Amino acid sequence: MQREAMELKVWRAGENDPLPEGLAQLDRYLDRLTLPTGKLVIFDRRPEAPPWPERGAFEEAVTPSGRPVTVLRV
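These lines cover the structure that appears in this document, whether it is placed above or below. Quick caveat, the model's predicted, so the values are computed rather than measured.

We now examine the sheet that holds strand 4 (residues 68-73). Spatially, the four strands line up as an open sheet ordered 1-2-4-3, and their pairing is mixed. At either end of the open sheet lies a strand with only one pairing partner, and these are strand 1 (6-11) and strand 3 (57-62). Along the sheet, successive strands turn relative to each other by an average axial angle of 25°, direction set aside. In the sheet, strand 1 pairs with strand 2 (residues 38-44) via six bridges, with the strands oriented parallel. In the sheet register, tryptophan 11 faces strand 2, and the bridge partner there is aspartate 44.

Applying the stated criterion to the full structure yields nine salt bridges. Salt-bridge contacts for aspartate 27 lead to arginine 67; the nearest nitrogen and oxygen are separated by 2.5 Å. Residue aspartate 27 is located in helix 1 (residues 19-33), and its partner arginine 67 is located in the loop between strand 3 and strand 4; the two are separated by 40 residues in the primary sequence. A salt bridge links arginine 46 to aspartate 44, with the nearest nitrogen and oxygen atoms 2.7 Å apart. Residues joined by salt bridges that share partners form a network here, namely Glu7, Lys9 and Glu21.

Scoring rules and cut-offs
- Residues numbered from 1 in each chain as written.
- Predicted model: local features only at pLDDT ≥ 70, side-chain atom pairs only at ≥ 80, totals over all residues.
- Heavy atoms only, no water.
- Pairing = 2+ DSSP bridges.
- Helix = DSSP H or I, 4+ residues; strand = E, 2+ residues; numbered from the N terminus.
- Axes fitted to C-alpha atoms, helices over the stretch in contact; angles between N-to-C directions.
- Salt bridge = Lys/Arg side-chain N within 4 Å of Asp/Glu carboxyl O.

See below:
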């Protein structure tokens, strides 16, 4: 059996980047599921968001407890 943990956040107009909140929330899921890593997807719905080719990218981040996470910004 394979288990994965993923969190999805939406970045709306007038809000701050949801990355820190998403990492903290995903960290709690990973802890509960005893998983070493996870995925975080951030949909940028702001009117001023860069065009898809400029913002659609993977990056690496670390949760508050030190777990590696792959972040996809779309």
